[in-house]
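Chains, contacts and geometry: an overview
If you want the building blocks of each chain, they are given just below.
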Amino acid sequence: MRTLVIDTATRACSVALCDDDHVIAAAHEIIGRGHAERLLPLINALPDNGKADQVMVNVGPGSFTGIRVGVAAAKALGLAWHIDVYGYGCLALVAAMGRSTLSEATAIDVVMTGGHGEYFFEAFDAHGLSRAPVRSILPDDLMGLATAHMVAGDIDPQRADRRWLELLPNARHWPLLSAMHPLAATPIYGRAPDAKPAALPQ
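Described below are features of the structure shown in this document. Note that the structure is predicted; figures quoted are calculated from it, not measured. (Residues numbered from 1 in each chain as written. Predicted model: local features only at pLDDT ≥ 70, side-chain atom pairs only at ≥ 80, totals over all residues. Heavy atoms only, no water.)

1. Considering the nonpolar core
Counting residues in each nonpolar core, the largest one holds 52 residues, and the members touching the most others are Leu4, Ile6, Leu39, Val57 and Val110. At eight residues, the largest contribution of residues to this core is made by helix α3 (residues 90-100). Beyond its immediate stretch of four places on either side in the chain, leucine 39 contacts Ile6, Thr8, Cys13, Val15, Val69, Gly70 and Ala73. By size, the runner-up hydrophobic cluster in this structure holds nine residues, among which are Tyr119, Ala146, Val151 and Ile155. (Core = buried A, V, L, I, M, F, W, Y, C linked by side-chain atoms within 4.5 Å. Buried < 20%, exposed > 50% of the residue type's maximum accessible area, 1.4 Å probe, protein only. Helix = DSSP H or I, 4+ residues; strand = E, 2+ residues; numbered from the N terminus. Contact = heavy atoms within 4.5 Å.)

Below is the structure:
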């Protein structure tokens, strides 16, 4: 089965076309912003313009705008090609990428840039299973939560007793998650919205 993988949840923008777990072609760029402008050209540059039997998209948590761009594009392609669209977790992929670089199974904490000075945090055991739901935390809370000796992501915990792997999600590594149950193609923002509902008149 061919799978088109879309990842726009962070400052990286990446796509991959996979045949089962074999990566046919992939592209990965660190662009910061502008995912909406870069995503479709990257997909069109893939073999057969990225045409696949299903689409997998990074649903977050991560950049609010980036997640929406990726999910919207994935759903549009799913409708156009009459194929299923599924999601995968941003921090789960980073954890899997980190584990793939190690010689033995190891628990990994993932710390990624969040919004308004907060971090996205999730702890994974040596088998890649989440030990607690993803949460948005303040920097001061990180030391008490990050207990694994391996930390992956784009936030350096700056502790001598921790090994840090600087990683951003990359669509070409989606096969590391292919055996896991897919998520719904629905954004996971990881924190409450900033806007508050208006109070009803008394």
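Still more to cover.
2. What to know about the pattern of salt bridges
All chains considered together, the criterion is met by six salt bridges. Note that arginine 2 and aspartate 48 form a salt bridge whose closest N and O atoms lie 3.0 Å from each other. One end of the pair, arginine 2, is in strand β1 (residues 2-7); the other, aspartate 48, is in the loop between α1 (35-44) and β4 (54-58), and 46 residues separate them in sequence. A salt bridge links glutamate 29 to arginine 38, with the nearest nitrogen and oxygen atoms 2.7 Å apart. Judged by relative accessible area, which is 25%, glutamate 29 ranks as partly exposed. Overall, arginine 38 belongs to the partly exposed group, its relative accessible area being 29%. What you see here is one network of salt bridges that share partners, running through Arg159, Asp161 and Arg162. (Salt bridge = Lys/Arg side-chain N within 4 Å of Asp/Glu carboxyl O.)

3. Some thoughts on the sheet that holds strand β10 (residues 163-166)
Across the sheet, five strands lie side by side as β8-β7-β6-β9-β10; this open sheet has mixed pairing. The open sheet has two edge strands, β8 (135-137) and β10, and neither has a second partner. Taken over all neighbouring pairs, the strand axes of this sheet differ in orientation by 30° on average, direction set aside. Two elements, strand β6 (residues 108-113) and strand β9 (residues 150-153), share four bridges in a ladder whose sense is parallel. Each bridged residue has a counterpart across the sheet, and for valine 111 the counterpart in β9 is glycine 153. Most of the contacts of α3 go to β6, to which it runs at about 130°, and overall it touches β6, β7 (119-124), β9 and β10. (Pairing = 2+ DSSP bridges. Axes fitted to C-alpha atoms, helices over the stretch in contact; angles between N-to-C directions.)

4. As for unusual backbone geometry
The amide bond that connects glycine 60 to the next residue, proline 61, takes the cis arrangement and shows omega of 5°. Turning to its location among the elements, proline 61 is positioned in the loop between β4 and α2 (64-81). You will see that histidine 116, though not glycine, has its phi angle at about 55°, which is positive. Its location among the elements puts histidine 116 in the loop between β6 and β7. What makes histidine 116 exposed here is its relative accessible area of 64%.

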